[in-house]
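# Tertiary structure, described
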Amino acid sequence: MKQILIISNRLPVNVTINEGEIETVPSVGGLATGMSSIYKYYSAKWIGWPGLNESDSKIRTKIGKALKKHEYIPVFMQEELFEDFYYGFSNKTIWPLYHYFTQYVEYKKHTWEAYKKVNAFYADQVIENAEEGAYVWVHDYHLQLLPKMLREKRPDLIIGFFLHIPFPSYEVFRILPWRDEIIEGLLGADLIGFHTYDYERHFLSAVRRLRGYDIDFNQVNLDDRFVKVDAFPMGIDYEKFANTAMKHQQMAVKDRSKIQQEIDKHYLMAPDQKLVLSIDRLDYSKGIANRLEAFDYFLDKYPEFKEKVTLVMVATPSRTAVAQYQQMKSEVDELVGHINGKYASINWTPIWYFYRSFPFDTLIDLYTSCDIGLLTPIRDGMNLVAKEFVASKVDQKGVLILSEMAGAAKEMGEALIINPNNYEEIADALNEAMIMPEEEHKEKMSSMQNRLQRYSVEKWARDFVEGMENTISLKEKHYSKNINTAIEKDILSKYKNANKRLLFLDYDGTLVGFQKRPEMAKPDKELLKLLDSLAEDPKNELVIISGRDRETLEKWFKGKPYTLITDHGVWRKEPKEDWQMIETLHADWKEQLRPALEFYVDRTPGSILEEKSFSLAWHYRKVDPELGNMRAIELKDEFMSLIANHNLDILEGNKVIEIKNSGVNKGRAAVAKIGNNKYDFTVAIGDDWTDEYIFEEIPDDTITIKVGIVKTAARFNVESQKDVRPLLKKLMESGG
Ligand code: GDG
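What counts as what
- Residues numbered from 1 in each chain as written.
- Predicted model: local features only at pLDDT ≥ 70, side-chain atom pairs only at ≥ 80, totals over all residues.
- Heavy atoms only, no water.
- Phe/Tyr/Trp six-rings, centres within 6.5 Å; stacked < 30°, edge-to-face > 60°.
- Helix = DSSP H or I, 4+ residues; strand = E, 2+ residues; numbered from the N terminus.
- Buried < 20%, exposed > 50% of the residue type's maximum accessible area, 1.4 Å probe, protein only.
- Domains from an automatic or database assignment.
- Contact = heavy atoms within 4.5 Å.
- Buried area = accessible area lost by both parts, 1.4 Å probe.
- Salt bridge = Lys/Arg side-chain N within 4 Å of Asp/Glu carboxyl O.
- Polar contact = N/O pair within 3.5 Å; in protein donor to acceptor, adjacent residues only side chain to side chain.
- Nonpolar A, V, L, I, M, F, W, Y, C, P; charged D, E, K, R; others polar.
- Core = buried A, V, L, I, M, F, W, Y, C linked by side-chain atoms within 4.5 Å.
- Axes fitted to C-alpha atoms, helices over the stretch in contact; angles between N-to-C directions.
- Parallel < 35°, antiparallel > 145°, perpendicular 65-115°, else oblique.
- Left-handed = near helix turned anticlockwise from the far one by under 90°.

## Section: the packing of aromatic side chains
Under the definition given, this model contains 45 aromatic pairs. The interplanar angle of 10° and the centroid separation of 4.3 Å between the aromatic rings of W137 and F464 together place this pair among those described as stacked. Residue W137 is found in strand β6 (residues 135–139), and its partner F464 is found in helix α17 (residues 457–479); the two are separated by 327 residues along the sequence. Judged on exposure class, the residue W137 and its partner F464 are both buried. Both rings, one in Y507 and one in W556, keep their centres 5.5 Å apart while their planes meet at 40°; by these two values the pair is tilted.

As structure tokens, this is what we get:
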């Protein structure tokens, strides 16, 4: 069985020390249920904080031993470090920022340092426990640096990361001083998962804008590997909620929980009253204050419901050490007091407010007994309470009112969806829920239940792990053409044994890396030396084949013993000879099209127009990546009709769009260069889309090599531009 390690800030277990004796009680939260569904296929271990920071090393060891039977590995931290990491950076920086509460975000260097330290600490624990090639699934915002830390030390691991909270839009994310480190940290993973497509979109946008990486649908192409990004909406343990709810409903009255008996009594006294339920951690993101204000507004706007409705509000204490949570607690206490004071009568209290946590069975009683679920988060990654409420409605009687800002709203379209800041809308939804006919309850509930039953937390976990597995086969597909030691050996021996060799080398992105401006990519000394030594071998003919103009290449390679093919195959220059035009071309069209391209340059900051003898090239490497891509599509679209009847082509390169005479391409130029000559070794190396013409048109026995791990007609790949020179060097050396 393959190993999987699950890493989260908190282990799913409660540890207590009673007179030196350790007691461990696993907590059966949603995540633990989801994970248990993959235990059948993997040998699993869970690494995380056990909920206490024991400093005595003997007791630590004892706790470690007690947890071992559950396959849990505790991470202990010094109290101060934990404070800065957990209450500090995680909950005073990331949490408010990702939930769009920018006014609460703290930017403290020492808490960031603690965050880094704790992530590194976790990395050590993972590395110590991970078998070769193990799967590692990292959870949530506390551990965003962990994927990169693991990747650096253990490239053999398959790493997945799932974020349980929203990923904010780029405009908000960019506020963070450590945004680049966080993005790079996450990109250490093979698979990154979010609850919704919106969060995925925001993340990809931040990746593109901050780091400039290329994105192909939901795949980030890094220099040497790629990262898959996808949406996996987390589900719940549906059967557990539905079955427990069913069991409770069939229970004899005397066996029911205390709270259920109280509710039963209440309904006996006020049979036409309805209960509205809300359950959340007391957190500013959950929109508790605005819910109360909207409830107040509802009672004002629809006075007919006075004495007919009660809001049952459960707020579970959370992060009580953080100032904003303390302030919010006072605010909520005050609001509840204010509303109850304003409307209460001898027979009616508008709000029953519980500031505490309840056992699971009580939770089910609340879900089944209350008529309306009212969940109004300002921002919420998913909101599982909404799903649990629906799953527990086994009689399909009940209405859910849900904020559009919760990830769950994306899947629960049958709920009454509201904007949590719009009291009018909330009040109207409450009215609608109060008077909704029961057939409609049933209709809405059953569609939501069907979906929740299908996409349970078990399915969610299996899907994510399957996503991780798929990255392996994807990698294999990509890397199958990668030049490994055996292939390299074969190429080198063919080179060695050949007497007449031809080498086609693309320039930008192959021999040199990309620069912000094209003229900055001059050949360096090391490159010239390498090319010279290759060209000096009398068995070799070296060809630089590029989309660049002939003036530039002539300047850079003046007097060199190589053939130059420029302008995508318009011109060729043999050593010591003059330039020759390979194809007969015309350039009168340039006058007509230039103004339209200049218009694009004016409207797209950072883009430039390059004029070549027989083509016009619009470069957008320095443009904001999203704008650049959008404009490129626009430009292609517009020019498609402009160039009709002109015998022209639009050529798309790496961050450049070129308009040129049709029929001219590097492939034709390469074939023309070969002519009737017989070579016993031909190699062509290129990174660009325009090099695909060479790969396609050149004779089949050519060793064609694509730079980068993308789809290609070439026979082989190397991972990045950095691999090209070492390969050429090896060729040169093997030539004797
Ligand atoms: C984060 C994201 C995302 C609550 N009170 C009691 C109690 N609960 C249980 C509920 C539910 C869970 O806690 C709360 O989950 P939520 O999803 O609603 O919210 P967060 O805690 O903020 O969770 C959130 C989630 O991660 C998963 O990815 O959905 O967006 O913020 O399961 O039942 N359980 C018991 N007593 C209580 O009083 N027993």
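## Quick look at the domain arrangement of the protein
Under the domain assignment used here, the protein contains domain 1 (3–231), domain 2 (239–445), domain 3 (485–583 + 664–734) and domain 4 (590–661). Between the C-alpha centres of domain 1 and domain 3 the distance comes to 45 Å. On the side of domain 3, five residues touch domain 1, which itself brings five residues to the contact. Between domain 1 and domain 3, a total of about 370 Å² is buried, with carbon and sulfur atoms accounting for 51% of that surface. At the junction of domain 1 and domain 3, the tally comes to zero salt bridges. The tally of links from domain 1 across to domain 3 stands at zero residue pairs in polar contact (both at pLDDT 80 or more). A class-by-class count of the residues in the side of domain 1 that touches domain 3 yields one nonpolar, one polar and three charged.

## Some points on the nonpolar core
F167, I182 and F203 are the most contacted members of the largest nonpolar core, which has 105 residues in total. Per-element tally for this core: the top contributor is helix α3 (residues 79–98), with nine residues. Taken together, domain 1 (3–231) and domain 2 (239–445) each give at least three residues to this core, which thus spans both. In contact with F203, other than residues within four places in its own chain, are F167, I183, L186, L187, I192, F194 and V229. Grouped together as the second largest cluster of nonpolar side chains are 43 residues, L531, I544, W571 and L728 included.

## Considering the side chain of D380
Turning to its location among the elements, D380 is positioned in the loop between β15 (372–375) and α14 (384–392). A polar contact of 2.9 Å, which involves the side chain of D380, links it to the side chain of N383.

## Looking at the packing of α14 against helix α16 (residues 438–454)
It is at 9 Å that the axes of α14 and α16 come closest, and there the two elements cross at 110°. When the axes of α14 and α16 are compared, the pair comes out roughly perpendicular. By crossing handedness, the relation of α14 to α16 is classed as left-handed. Contacts between α14 and α16 pair K387, F389, V390 and A391 from the former with M445, M448, Q449 and L452 from the latter. Of the residues assigned to the contact of α14 with α16, the class counts are six nonpolar, one polar and one charged.

## A short note on the pattern of salt bridges
Pairing between side chains becomes possible if they bear opposite charge and their charged atoms approach one another. Tallied over the entire structure, the rule returns 51 salt bridges. Its salt-bridge partner being K116, residue E113 comes within 3.6 Å of it at the nearest N-O pair. Of this pair, E113 and K116 both sit in helix α4 (residues 109–129), three residues apart, which is roughly one turn of that helix. Among the salt bridges present, the one from D283 reaches R319, with a minimum N-O distance of 3.4 Å. Highlighted residues: D283 in the loop between β12 (274–281) and α11 (288–301) and R319 in the loop between β13 (309–316) and α12 (323–343), separated in sequence by 36 residues. Under the relative-accessibility criterion, R319 is labelled buried at 12%. It is possible to trace a salt-bridge network through shared partners that takes in E541, R572, E574 and K673.

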